[in-house]
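Chain by chain, the residues run as shown.
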Amino acid sequence: MINFNGVSKVYPTGSIAVENFSLRVKPHKTVALVGSSGSGKSTLLRMVNRMIEPSSGEVLINGQDISTADPVQLRRSIGYVLQNSGLLPHRTVLNNVAAVPLLCGSTKQQARSKATELLELVGIDTELLARYPAELSGGQQQRVGVARALAADPDILLMDEPFGAVDPIVRRELQAETLRLKQELNKTIMFVTHDIEEAFIIGDEIVLLETGGKIAQHGTPQDLITNPANDFVRDFIGFSRRNKQLTIIDSNGVKLVQDSHGLPLGVLS
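Predicted model only: the values in this text are computed from it and were never measured. (Residues numbered from 1 in each chain as written. Predicted model: local features only at pLDDT ≥ 70, side-chain atom pairs only at ≥ 80, totals over all residues. Heavy atoms only, no water.)

If you walk across this open sheet you meet the four strands as β2-β1-β4-β5, and the pairing is antiparallel. Sheet topology places β2 (16–25) and β5 (64–65) at the edges, where each strand pairs with a single neighbour. Bridge analysis of strand β4 (residues 56–61) against β5 gives two bridges, and the strand direction is antiparallel. What sits directly across from Leu 60, in β5, is Asp 65. (Pairing = 2+ DSSP bridges. Helix = DSSP H or I, 4+ residues; strand = E, 2+ residues; numbered from the N terminus.)

Further remarks concern the packing of helix α5 (residues 138–149) against helix α6 (residues 168–185). Remark: α5 packs on α6, axes separated minimally by 10 Å, with the N-to-C direction vectors making an angle of 20 degrees. Taken as axis vectors, α5 and α6 run roughly parallel relative to one another. Between α5 and α6 lies a crossing of right-handed hand. Side by side, α5 and α6 meet where Gly 139, Gln 142, Arg 143 and Val 146 of the first sit next to Val 170, Glu 173, Leu 174, Glu 177 and Leu 181 of the second. Tallied by class, the residues present in the contact of α5 with α6 amount to four nonpolar, two polar and three charged. (Axes fitted to C-alpha atoms, helices over the stretch in contact; angles between N-to-C directions. Parallel < 35°, antiparallel > 145°, perpendicular 65-115°, else oblique. Left-handed = near helix turned anticlockwise from the far one by under 90°. Contact = heavy atoms within 4.5 Å. Nonpolar A, V, L, I, M, F, W, Y, C, P; charged D, E, K, R; others polar.)

On the basis of which strands lie adjacent, the open sheet formed by six strands has the order β6-β7-β8-β3-β9-β10 and mixed pairing. Both outer strands of the open sheet, β6 (78–81) and β10 (214–219), are each paired with one neighbouring strand and no more. Pairwise comparison of adjacent strand axes, ignoring direction, gives a mean angle of 15 degrees for this sheet. Sheet topology places strand β7 (residues 156–160) next to strand β8 (residues 188–193); five bridges connect them, and they run parallel. Each bridged residue has a counterpart across the sheet, and for Asp 160 the counterpart in β8 is Val 192. Packing against the sheet, α5 makes contact with β6 and β7, and its axis sits at approximately 170 degrees to β6.

Encoded structure:
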(Lines give C-alpha, C1' and ligand atoms only; values in the text may rest on other atoms or scores of the structure.)
Protein backbone atom coordinates (compact mmCIF):
# COMPACT_ATOMS: atom_id res chain seq x y z
CA MET A 1 0.00 0.00 0.00
CA ILE A 2 1.21 3.53 -0.82
CA ASN A 3 -0.05 6.54 1.14
CA PHE A 4 0.60 10.17 0.27
CA ASN A 5 -0.20 12.25 3.35
CA GLY A 6 -0.38 15.99 2.66
CA VAL A 7 2.73 16.09 0.46
CA SER A 8 3.91 19.30 -1.16
CA LYS A 9 6.88 20.13 -3.35
CA VAL A 10 8.14 23.71 -3.57
CA TYR A 11 11.32 24.42 -5.49
CA PRO A 12 13.91 27.05 -4.39
CA THR A 13 12.57 29.42 -7.05
CA GLY A 14 9.21 29.39 -5.27
CA SER A 15 7.55 27.30 -7.96
CA ILE A 16 4.92 24.97 -6.47
CA ALA A 17 4.85 21.59 -8.23
CA VAL A 18 2.50 19.86 -5.76
CA GLU A 19 0.53 21.29 -2.85
CA ASN A 20 -1.04 19.29 0.00
CA PHE A 21 -1.65 16.11 -1.98
CA SER A 22 -3.14 13.04 -0.28
CA LEU A 23 -3.93 9.66 -1.85
CA ARG A 24 -4.15 6.01 -0.85
CA VAL A 25 -3.02 3.50 -3.48
CA LYS A 26 -4.45 0.08 -2.68
CA PRO A 27 -2.29 -3.06 -2.95
CA HIS A 28 -2.36 -4.89 -6.30
CA LYS A 29 -4.26 -2.08 -8.01
CA THR A 30 -3.21 0.09 -10.93
CA VAL A 31 -3.69 3.82 -10.40
CA ALA A 32 -3.26 6.10 -13.40
CA LEU A 33 -2.16 9.65 -12.64
CA VAL A 34 -3.31 11.74 -15.58
CA GLY A 35 -3.12 15.44 -16.30
CA SER A 36 -1.54 18.10 -18.46
CA SER A 37 2.06 19.30 -18.15
CA GLY A 38 2.55 21.03 -14.82
CA SER A 39 -0.05 19.00 -12.96
CA GLY A 40 2.63 17.33 -10.81
CA LYS A 41 1.99 13.75 -11.87
CA SER A 42 5.65 12.81 -12.53
CA THR A 43 6.74 14.68 -9.40
CA LEU A 44 4.36 12.57 -7.32
CA LEU A 45 5.53 9.36 -8.95
CA ARG A 46 9.18 10.13 -8.23
CA MET A 47 8.41 10.81 -4.60
CA VAL A 48 7.62 7.10 -4.19
CA ASN A 49 11.21 6.05 -4.94
CA ARG A 50 12.76 9.23 -3.47
CA MET A 51 14.02 10.52 -6.78
CA ILE A 52 12.27 13.69 -5.55
CA GLU A 53 11.92 14.51 -1.85
CA PRO A 54 8.73 16.27 -0.71
CA SER A 55 9.10 19.68 0.89
CA SER A 56 6.47 18.67 3.45
CA GLY A 57 4.16 15.77 4.20
CA GLU A 58 5.04 12.10 4.05
CA VAL A 59 4.93 9.10 1.74
CA LEU A 60 4.34 5.72 3.37
CA ILE A 61 4.82 2.24 1.90
CA ASN A 62 3.10 -0.45 3.94
CA GLY A 63 2.94 1.99 6.84
CA GLN A 64 6.65 2.93 6.81
CA ASP A 65 7.70 6.51 6.19
CA ILE A 66 10.09 6.12 3.25
CA SER A 67 12.14 9.15 4.36
CA THR A 68 13.64 6.79 6.97
CA ALA A 69 14.59 4.16 4.36
CA ASP A 70 17.94 3.92 2.59
CA PRO A 71 17.23 5.52 -0.82
CA VAL A 72 19.41 3.09 -2.78
CA GLN A 73 17.79 0.03 -1.23
CA LEU A 74 14.36 1.61 -1.67
CA ARG A 75 14.93 2.20 -5.40
CA ARG A 76 16.19 -1.34 -5.89
CA SER A 77 12.96 -2.65 -4.35
CA ILE A 78 10.70 -0.62 -6.67
CA GLY A 79 10.42 -1.13 -10.44
CA TYR A 80 10.74 2.05 -12.51
CA VAL A 81 9.94 2.39 -16.21
CA LEU A 82 10.87 5.65 -17.95
CA GLN A 83 9.56 7.13 -21.19
CA ASN A 84 12.84 6.56 -23.07
CA SER A 85 13.50 3.16 -21.41
CA GLY A 86 16.72 4.45 -19.76
CA LEU A 87 18.73 1.43 -20.92
CA LEU A 88 22.53 1.45 -20.61
CA PRO A 89 23.76 1.87 -24.22
CA HIS A 90 27.04 -0.01 -23.70
CA ARG A 91 25.37 -3.17 -22.34
CA THR A 92 23.51 -5.84 -24.24
CA VAL A 93 19.80 -6.41 -23.79
CA LEU A 94 20.46 -9.42 -21.56
CA ASN A 95 23.04 -7.62 -19.43
CA ASN A 96 20.82 -4.55 -19.02
CA VAL A 97 18.22 -6.71 -17.30
CA ALA A 98 20.68 -9.02 -15.52
CA ALA A 99 22.36 -6.02 -13.87
CA VAL A 100 19.47 -5.66 -11.41
CA PRO A 101 19.51 -9.18 -9.87
CA LEU A 102 23.31 -8.97 -9.79
CA LEU A 103 23.05 -5.82 -7.65
CA CYS A 104 20.59 -7.67 -5.41
CA GLY A 105 23.09 -10.46 -4.73
CA SER A 106 22.32 -13.12 -7.37
CA THR A 107 25.11 -15.04 -9.03
CA LYS A 108 25.89 -14.24 -12.66
CA GLN A 109 24.23 -17.45 -13.81
CA GLN A 110 21.12 -16.78 -11.70
CA ALA A 111 20.92 -13.19 -12.96
CA ARG A 112 21.20 -14.17 -16.61
CA SER A 113 18.61 -16.92 -16.16
CA LYS A 114 16.20 -14.48 -14.49
CA ALA A 115 16.81 -11.88 -17.19
CA THR A 116 16.14 -14.39 -19.97
CA GLU A 117 12.90 -15.45 -18.30
CA LEU A 118 11.68 -11.86 -17.93
CA LEU A 119 12.62 -10.89 -21.48
CA GLU A 120 10.61 -13.82 -22.74
CA LEU A 121 7.72 -12.71 -20.52
CA VAL A 122 7.62 -9.25 -22.15
CA GLY A 123 7.88 -10.65 -25.68
CA ILE A 124 11.57 -10.18 -26.54
CA ASP A 125 12.90 -12.89 -28.87
CA THR A 126 16.02 -14.73 -27.73
CA GLU A 127 17.83 -13.62 -30.89
CA LEU A 128 17.72 -10.04 -29.56
CA LEU A 129 19.41 -10.74 -26.22
CA ALA A 130 22.93 -10.11 -27.52
CA ARG A 131 22.01 -6.84 -29.21
CA TYR A 132 22.56 -3.35 -27.84
CA PRO A 133 19.73 -0.87 -27.17
CA ALA A 134 20.53 1.21 -30.26
CA GLU A 135 19.88 -1.88 -32.41
CA LEU A 136 16.29 -2.20 -31.14
CA SER A 137 13.10 -0.43 -32.15
CA GLY A 138 11.49 1.98 -29.70
CA GLY A 139 8.85 -0.57 -28.76
CA GLN A 140 11.48 -3.26 -28.16
CA GLN A 141 13.48 -0.90 -25.96
CA GLN A 142 10.39 -0.20 -23.85
CA ARG A 143 9.75 -3.93 -23.43
CA VAL A 144 13.31 -4.38 -22.22
CA GLY A 145 12.78 -1.44 -19.85
CA VAL A 146 9.73 -3.17 -18.39
CA ALA A 147 11.69 -6.43 -17.98
CA ARG A 148 14.46 -4.59 -16.17
CA ALA A 149 11.93 -2.90 -13.87
CA LEU A 150 10.58 -6.34 -12.94
CA ALA A 151 13.99 -7.92 -12.43
CA ALA A 152 14.06 -7.52 -8.64
CA ASP A 153 10.49 -8.90 -8.39
CA PRO A 154 9.21 -5.65 -6.86
CA ASP A 155 5.80 -5.29 -5.25
CA ILE A 156 5.52 -1.77 -6.71
CA LEU A 157 5.97 -0.75 -10.35
CA LEU A 158 6.23 2.93 -11.33
CA MET A 159 5.64 3.76 -14.99
CA ASP A 160 6.34 7.35 -16.08
CA GLU A 161 4.82 8.10 -19.53
CA PRO A 162 6.28 4.73 -20.65
CA PHE A 163 4.71 4.70 -24.13
CA GLY A 164 4.85 8.39 -24.98
CA ALA A 165 7.75 8.09 -27.43
CA VAL A 166 6.44 5.28 -29.67
CA ASP A 167 4.04 5.32 -32.59
CA PRO A 168 0.29 4.67 -32.07
CA ILE A 169 0.36 1.04 -33.29
CA VAL A 170 3.25 0.08 -31.00
CA ARG A 171 1.63 2.06 -28.19
CA ARG A 172 -1.53 -0.05 -28.43
CA GLU A 173 0.57 -3.23 -28.42
CA LEU A 174 2.42 -2.09 -25.29
CA GLN A 175 -0.83 -1.15 -23.58
CA ALA A 176 -2.19 -4.63 -24.26
CA GLU A 177 1.06 -6.12 -22.96
CA THR A 178 0.77 -4.07 -19.77
CA LEU A 179 -2.77 -5.33 -19.19
CA ARG A 180 -1.55 -8.91 -19.58
CA LEU A 181 1.31 -8.35 -17.14
CA LYS A 182 -1.12 -6.76 -14.65
CA GLN A 183 -3.18 -9.92 -14.61
CA GLU A 184 -0.22 -12.30 -14.45
CA LEU A 185 1.98 -10.49 -11.92
CA ASN A 186 -0.53 -8.77 -9.60
CA LYS A 187 1.70 -5.77 -8.83
CA THR A 188 0.79 -2.41 -7.35
CA ILE A 189 1.26 -0.05 -10.28
CA MET A 190 1.35 3.74 -10.53
CA PHE A 191 1.09 4.79 -14.17
CA VAL A 192 1.64 8.38 -15.33
CA THR A 193 0.17 9.58 -18.62
CA HIS A 194 -1.23 12.74 -20.20
CA ASP A 195 -3.56 10.62 -22.37
CA ILE A 196 -6.96 10.07 -20.75
CA GLU A 197 -7.85 7.22 -23.11
CA GLU A 198 -4.64 5.40 -22.12
CA ALA A 199 -5.51 6.02 -18.46
CA PHE A 200 -8.95 4.48 -19.03
CA ILE A 201 -7.34 1.40 -20.64
CA ILE A 202 -4.65 0.84 -18.01
CA GLY A 203 -6.03 2.14 -14.72
CA ASP A 204 -8.25 0.38 -12.22
CA GLU A 205 -8.55 3.86 -10.73
CA ILE A 206 -7.95 7.27 -12.30
CA VAL A 207 -6.56 10.32 -10.50
CA LEU A 208 -7.15 13.33 -12.74
CA LEU A 209 -4.91 16.21 -11.69
CA GLU A 210 -5.10 19.95 -12.14
CA THR A 211 -2.12 22.31 -11.80
CA GLY A 212 -0.20 21.82 -8.57
CA GLY A 213 -1.34 18.27 -7.98
CA LYS A 214 -4.90 19.23 -7.11
CA ILE A 215 -7.19 16.21 -7.55
CA ALA A 216 -10.01 17.14 -9.90
CA GLN A 217 -11.53 13.67 -9.59
CA HIS A 218 -10.50 10.26 -8.28
CA GLY A 219 -12.48 7.18 -9.25
CA THR A 220 -12.87 4.35 -11.68
CA PRO A 221 -12.94 5.03 -15.43
CA GLN A 222 -16.69 4.44 -15.25
CA ASP A 223 -17.02 7.10 -12.50
CA LEU A 224 -15.31 9.76 -14.60
CA ILE A 225 -17.27 8.90 -17.74
CA THR A 226 -20.72 8.60 -16.17
CA ASN A 227 -20.39 11.24 -13.43
CA PRO A 228 -17.68 13.84 -14.18
CA ALA A 229 -17.15 16.00 -11.10
CA ASN A 230 -16.94 19.37 -12.84
CA ASP A 231 -16.35 21.18 -16.13
CA PHE A 232 -12.58 20.60 -15.94
CA VAL A 233 -13.10 16.83 -15.85
CA ARG A 234 -15.76 17.06 -18.55
CA ASP A 235 -13.40 19.03 -20.80
CA PHE A 236 -10.40 16.79 -20.12
CA ILE A 237 -12.19 13.57 -21.01
CA GLY A 238 -13.60 15.23 -24.10
CA PHE A 239 -17.28 15.45 -23.38
CA SER A 240 -17.43 19.21 -23.91
CA ARG A 241 -14.79 19.30 -26.61
CA ARG A 242 -16.29 16.71 -28.94
CA ASN A 243 -19.81 16.28 -27.55
CA LYS A 244 -19.59 12.51 -27.30
CA GLN A 245 -23.21 11.67 -27.88
CA LEU A 246 -22.91 8.52 -29.93
CA THR A 247 -25.15 7.07 -32.58
CA ILE A 248 -25.09 3.77 -34.45
CA ILE A 249 -25.62 3.60 -38.18
CA ASP A 250 -25.64 0.70 -40.62
CA SER A 251 -22.92 1.03 -43.26
CA ASN A 252 -22.67 -1.79 -45.79
CA GLY A 253 -23.92 -4.27 -43.22
CA VAL A 254 -21.54 -3.02 -40.50
CA LYS A 255 -22.83 -1.32 -37.33
CA LEU A 256 -20.72 1.84 -37.21
CA VAL A 257 -20.47 3.97 -34.04
CA GLN A 258 -20.05 7.68 -34.71
CA ASP A 259 -20.05 10.87 -32.66
CA SER A 260 -22.31 13.90 -33.08
CA HIS A 261 -20.05 15.25 -35.86
CA GLY A 262 -20.25 12.02 -37.86
CA LEU A 263 -16.70 10.98 -36.95
CA PRO A 264 -16.44 7.15 -36.88
CA LEU A 265 -15.26 5.83 -33.52
CA GLY A 266 -15.53 2.05 -33.98
CA VAL A 267 -17.76 -0.83 -34.92
CA LEU A 268 -20.08 -3.11 -32.96
CA SER A 269 -19.45 -6.82 -33.27
